[in-house]
Each structure stands twice: as C-alpha cells, then as structure tokens.
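A closer look at the structure
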Amino acid sequence: MQEADLDGLLLFQPEAFRYAIGAPAGVATMWGRAGAAIAFVPADAGLALAAVVSDHALPSIRKSAPDVELRSHRIWIDTVDTTDAGSIAQIDQCYRRGGSTGERPETFDREVSFGLLGELLRERGLSEARLGVDVEFMPAADFAALKHHLPRALLTDGSTVLRRLRSVKTPVEIARLRLAANAAEAGIVRMVEAIRPGSSVKSLSDAWKSGAKAFAIGKGVSLSGSWDYISVGPDLSDANATVVPGALIKADVGTLVEGYSSDSARTFVYGEAPPLANDLDKILLEAFAAGLEQILPGNTFGAVHRVVTAAIRRGGLSEYHRGHFGHSVGGSAGIEEWPFFSMGNEELIQPGMVVALETPFYGNGFGALMIEDQFLVTSDGTECMNRLPRGLQKIMY
C-alpha cells in the first residue's frame, strides 16, 4: 500500500473480506452487491482493522475477530436474543431491550452501510484519504454510490495491491492448500480403484468425491467444497462416456478447505495407450520439467511460460498456443488466481507463493492428457504438494 501511495484498502468482495478480517462476511453477500460487508485495511500497521457487517453476522465475526472494530447494519433476517425469555411478552421486551425494533430492509440497505463506512473514516481522520477499492469486484452502480458517500476521499483501483497481498500466502493459508491438495489426490486414488469397463464419467466423479471426503474426515476436517473436470475417451464434452479399452481418462480436480481450493490433474489409460498418446505424454512431461526448473524466487511468471512453450515446440507441436501454464491458488472466487504463468506476465515469483503448474493437451476426437501439480515456492526452489506419478498411467484390465 505504501508503494501504491494508499492510506488504506476498502474491500467488498466476500472472499477479500474473509481474507482481510479472518471471518466469513455473512449470508447477505449472496446478492453479489457491494455493501453487505466492508473491510477496511489501513496502511498504518498501528491502526486496527475495521469492518461494516450485518447485524446477523456480527456475533460470529466478533467472536472470530475480536480485535477488529465493527459497525453493523440491519438486514432482512429478524433475530433477537431471547435469553431467559419464557413468554411472548418477554420476547417482545427482548426486541426493545436489544434495539431490534423497526422495519427491516428487503435484503440490506447499501446506503446505511456506506454511511457507516463514512462515519468510521471521519472518526479516524481519513475522510480525505487515498483509498484503494477492489474495483474488479464492485458493480459500477455501487462504486458511484460509494463516491457519493465519500465525496472528499480519493478512490482508486486497489485490485492490484490486493492481488499482490494475496499472492504470498500465510502459514495458515499454506496449510489449508496442502490439506486440500492431499484430499484431492486421495480422491484420485479412489477413482482409479473404481475404474472398470463401462464405468461412466459420473461414477468416476462420485468415486473421486468419496475418496476426497473420506481423507478429509480422517484428518478431522470438513471440506467446504469440491470440483472436478473428468473426461473419458475421445469426446471431451461427452458426459455419458464410458470406459473402454484404450480410453484416456483425465482428472482435473480440486477440493476446498476453509474456502481455499487446490488444483491438480492426472491422466490414465485403460489398457494399452495409443502410440500417439505416449508421444504426447512425453512432450508434456518434458515441458513440465522445463517449466518447473524455472519456478525460482526472482524469476518471472512469463519466463516459465516461454520455457514451457519452447519445450512443447521442440517436441513438434509448432502451432500449440496456450494462454497460461498455471497460476496461483488460494481462496479467491475462482479456482485460478493471479499471477498466471502467462507469456507477458513479468510479475516476480516470491517465496511463500503457492502455484499450480500445468501442461495439458486437449484433442477433440482423441482425448485429453494433463499434468498438473501444486507447489509451495521456497527460498531456493519449490516443494511439491502432490505425490502421484506425473506421466500417463496404465490401468490394467
């Protein structure tokens, strides 16, 4: 923030709120509009974090983040503290005693929450501050309303600052991503065990989910989500495809732990692989190894892309063009986070980043092959979070 000449960040995206405050933003964020939850992160480390949250989410956020200064606004959910109330009349008194009387908004009142934010900044002497906003998330109408409530502040796009903050992971984030990667890989093991002639894409997906969930339960963890892109055979879009001899089976999968998503992929063949599949697998393995050698602190994400592309071209695919060969992983809204291993990305690789490197081939009418592993960038290289062999693996009849 100092490098960007910002006095603070205003964060509205639910995932960004959780990252900054350390607690979920609450159910009111389901509407996808700015104002249901707002995190204020001051550039001055001596100032406390602050947040504007819904009255419904207030108790849980206060418990999870006791050092954060909180202001609350009312949402549509009618909730009252009924401790020791034994009658309807006493419940009614609880409403009055808790200040919960009066009409509630249809969902939440953006004007009220923005007004509370304005009061907070004025009390801290920051009404004319230079503030970065996660503009990549905020709807244009909400940004206009925010400027109306903060007329003297200089609001600028803080998305890049937020991206850079999030790209280097904390120990807690790293632990979540490692556990998520391990769970996803346990799911792949279970999926492989379930492969039989006639196995459907759905049955393989179900087996994968079962294995991932069982692993997490064994670790005392409840997964917060999962996703999978499993293809069988030559038609990559055929959700009804079944396993037959020679079929390529690609599993690109991830699980979520506390909202943090892993990302890894492996490819299998049922029986003997077509010679062309072996040739392609060799190219992908060599390109993956070449890229991995370049994932070093101080190198650029773009350098990795250039090296991987060159290796694939040396293998004979002179017209292979891929926008990126991997990305950061974390707790953002999607599976893939910035920075990307893309051609023009000169962002520096740093220790503490967790990235996924991938070398895929998709051939409609042939099938998919993919290698993808998740790595923690260390001071002198990388630590792989996956254990399964990378190349095309044969599953015998």
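Per an unreviewed UniProt entry, the protein goes by Xaa-Pro aminopeptidase and derives from Rhizobium soli.

**Remarks on the environment of Ser72**
Tracing the backbone through its elements, the reader meets Ser72 in strand S4 (residues 69-73). Once the C-alpha coordinates of Ser72 and Ala57 are considered, the two residues, 15 residues apart in sequence, prove to be 8.7 Å apart. The residues contacting Ser72, other than those within four sequence positions of it, are Val53, Ser54, Asp55, Leu58 and Leu116.

**Details of the packing of aromatic side chains**
Evaluated as defined, the whole model comprises seven aromatic pairs. Seen in terms of ring centroids, Tyr320 and Phe325 are 6.2 Å apart; in terms of plane orientation they differ by 10°. Their pairing is stacked. Note on Phe361 and Phe366: the rings are 6.4 Å apart at their centroids and 75° apart in plane angle, and the pair reads as edge-to-face. The exposure class of Phe366 is partly exposed, given its relative accessible area of 22%.

**Here's the deal with the nonpolar core**
The nonpolar side chains of a soluble globular protein tend to be buried with one another. Counting 30 residues, the largest nonpolar core has Ile295, Phe341, Val355 and Leu357 as its most contacted members. Sorting the residues of this core by element identifies helix H9 (275-293), helix H10 (301-314), strand S13 (354-363) and strand S14 (367-377) as the ones contributing at least two each. Here the element with the most residues in this core is H9; it accounts for eight residues. The next biggest cluster of nonpolar side chains, apart from the first, holds 23 residues, and it includes Leu117, Leu126, Leu131 and Ala145.

**Some details on the sheet that holds strand S5 (residues 130-133)**
Taking strand neighbours across the sheet as the criterion, the six strands line up as S4-S3-S2-S1-S5-S6 in an open arrangement whose pairing is mixed. Edge strands, defined here as strands with exactly one partner in the open sheet, are S4 and strand S6 (154-157). Averaged over all neighbouring strand pairs, the angle between strand axes comes to 25°, with direction disregarded. Here strand S1 (residues 8-11) pairs with strand S2 (residues 38-42) via four bridges, running antiparallel. Within S2, the position partnered with Leu9 by the bridge is Val41.

About the thresholds
- Residues numbered from 1 in each chain as written.
- Predicted model: local features only at pLDDT ≥ 70, side-chain atom pairs only at ≥ 80, totals over all residues.
- Heavy atoms only, no water.
- Helix = DSSP H or I, 4+ residues; strand = E, 2+ residues; numbered from the N terminus.
- Contact = heavy atoms within 4.5 Å.
- Phe/Tyr/Trp six-rings, centres within 6.5 Å; stacked < 30°, edge-to-face > 60°.
- Buried < 20%, exposed > 50% of the residue type's maximum accessible area, 1.4 Å probe, protein only.
- Core = buried A, V, L, I, M, F, W, Y, C linked by side-chain atoms within 4.5 Å.
- Pairing = 2+ DSSP bridges.
- Axes fitted to C-alpha atoms, helices over the stretch in contact; angles between N-to-C directions.

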